[in-house]
Amino acid sequence: MLRPIVKYGDPVLAKPAAPVERIDDEIQRLIDDMLATMYAAPGIGLAAPQVGVPLRVCVIDLSVGQRGGEVITLVNPEFVVREGMQVEEEGCLSVPGFTASVARPSRVVVRGLDRHGQEREIEGTGLLARALQHELDHLEGTLFLDRLRGIKRDLIVRKIRKMQRAGKW
Ligand code: NI
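Residues numbered from 1 in each chain as written. Predicted model: local features only at pLDDT ≥ 70, side-chain atom pairs only at ≥ 80, totals over all residues. Heavy atoms only, no water.

Novice: Help me get a handle on the overall build of the chain, residues and values and all.
Specialist: Along the backbone of the chain there are 3 helices and 7 strands. Moving toward the C terminus, one meets the helices and strands of the chain in the order α-β-β-β-β-β-β-β-α-α. Against the compact-globule benchmark of 15 Å for 169 residues, the chain has a radius of gyration of 15 Å, which places it among compact chains. Projected onto its principal axes, the C-alpha coordinates of the chain cover approximately 45 × 35 × 30 Å. (Helix = DSSP H or I, 4+ residues; strand = E, 2+ residues; numbered from the N terminus. Rg over C-alpha atoms; globule rule 2.2 N^0.38 Å.)

Next up, the structure:
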């Protein structure tokens, strides 16, 4: 089932999400819905707060469903390693229509549970490192906008406020 993606300005996107206590049927449904919603968008990553659920769950698929076996589902993920630096253009399904260059570590290792409750460690470089950091940021209530320098961030936020006032956000 597709779920509506909440946009910048919704308080659920600005709050740290809570750990998942038990991977039950409700969490399985959430993960299925998040994957369907991500593919439909289309996007390469989605975090539970983006569908209004304040839990530490995220999904990533750099192939957007085109290659089987590339889907990554993480429950209660944490960084083990963050190193190096890359600067690339980045966007977010909750901030539609806007992108910006964001500096982030170029290699990360993340540890978390998969949807079966098995502990997994995922290493990512380049785009995967970026996607993992972007989604884990969502679980802390942080958007890519919050990683921009003041002036760049203010410009985008001003445009969004204008759209909000016009009822177009
Ligand atoms: Ni995002």
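Structure shown, so let's carry the discussion forward.
Novice: Report on the coordination of the nickel ion, specifying residues and quantitative values.
Specialist: Within the protein, the atoms that donate to the nickel ion are Cys92 (SG), His134 (NE2) and His138 (NE2), at distances of 2.0 to 2.3 Å. The sequence pattern formed by the donor residues of the nickel ion is C-x41-H-x3-H. Taken together, the residues span about one helical turn, with histidine 134 and histidine 138 both in helix 2 (residues 126-139) at a distance of 4 residues. On the basis of relative accessible area, histidine 138 is assigned to the buried category, the value being 1%. (Donors = N, O, S within 2.8 Å, 3.2 Å for Na, K, Ca; no water. Buried < 20%, exposed > 50% of the residue type's maximum accessible area, 1.4 Å probe, protein only.)

Novice: Describe in detail the environment of valine 20, supporting the description with residues and values.
Specialist: Tracing the chain through its elements places valine 20 in the segment before helix 1 (25-40). A relative accessible area of 8% means that valine 20 is categorised as buried. When the C-alpha atoms of valine 20 and valine 102 are compared, they prove to be 29 Å apart, with 82 residues separating the residues in sequence. Apart from residues lying up to four places away in sequence, valine 20 is in contact with Ile27, Leu55, Arg56, Val57, Val75 and Asn76. (Contact = heavy atoms within 4.5 Å.)

Novice: So what's going on with a positive patch on the surface? Which residues, and what values?
Specialist: A surface patch of like charges, here positive, comprises Lys159, Arg161, Lys162 and Arg165. Within the secondary structure, lysine 159 is located in helix 3 (residues 150-165). Its relative accessible area of 44% is what places lysine 159 among the partly exposed residues. (Patch = residues over 30% accessible without salt bridge, like charges linked within 9 Å, V, L, I, M, F, W, Y side chains within 5 Å. Areas by Shrake-Rupley, 256 points an atom, 1.4 Å probe, with all protein chains shown as cover. Salt bridge = Lys/Arg side-chain N within 4 Å of Asp/Glu carboxyl O. Lys, Arg positive; Asp, Glu negative; His and termini not counted. Charge placed at Lys NZ, Arg CZ, Asp CG, Glu CD.)

Novice: Give a description of the packing of aromatic side chains that names residues and reports values.
Specialist: Under the counting rule described, the total for this entry stands at 1 aromatic pair. Sitting over the face of the ring of tryptophan 169, lysine 7 holds its NZ or CZ atom 5.2 Å from the ring centroid. (Phe/Tyr/Trp six-rings, centres within 6.5 Å; stacked < 30°, edge-to-face > 60°. Lys NZ or Arg CZ within 6 Å of the ring centre and 35° of its normal.)

Novice: Kindly report on the sheet that holds strand 6 (residues 107-113), identifying the contributing residues and their values.
Specialist: Spatially, the 5 strands line up as an open sheet ordered 1-2-3-6-7, and their pairing is antiparallel. Whereas interior strands pair on both sides, the edge strands pair on one side only; in this sheet they are strand 1 (45-47) and strand 7 (119-125). The mean inter-strand angle of the sheet, taken between neighbouring strand axes irrespective of direction, is 35 degrees. Here strand 1 runs beside strand 2 (residues 57-60); their pairing, made up of 3 bridges, is antiparallel. The residue of strand 2 that forms the bridge with alanine 47 is cysteine 58. Sheet strands in contact with helix 1 are strand 1, strand 2 and strand 3 (72-83), and its direction is about 40 degrees off that of strand 2. Each of strand 1, strand 2, strand 3, strand 6 and strand 7 touches helix 2; the most contacted strand, strand 7, lies at about 125 degrees to it. (Pairing = 2+ DSSP bridges. Axes fitted to C-alpha atoms, helices over the stretch in contact; angles between N-to-C directions.)

Novice: So, helix 1: which residues are in play, and what are the values?
Specialist: Between its first and last C-alpha, helix 1 extends 22 Å over 16 residues, near the 22 Å set by a 1.5 Å rise per residue. Among the residues making up helix 1, those that are buried are Ile27, Leu30, Ile31, Asp33, Met34, Leu35, Thr37 and Met38. Contact partners of the buried residues in helix 1: strand 1, strand 2 and strand 3. (Expected span 1.5 Å × (residues − 1).)

Novice: Can you tell me about the nonpolar core, naming the residues and giving the values?
Specialist: Tyr8, Val95, Phe144, Leu145, Leu148, Ile156 and Ile160 are the most contacted members of the largest nonpolar core, which has 16 residues in total. Where this core is concerned, the elements lending two or more residues are strand 5 (99-104) and helix 3. Per element, the largest residue contribution to this core is 3 residues, and it comes from helix 3. Setting aside chain neighbours within four positions, we find valine 95 in contact with Tyr8, Leu143, Phe144, Leu145, Ile160 and Trp169. (Core = buried A, V, L, I, M, F, W, Y, C linked by side-chain atoms within 4.5 Å.)

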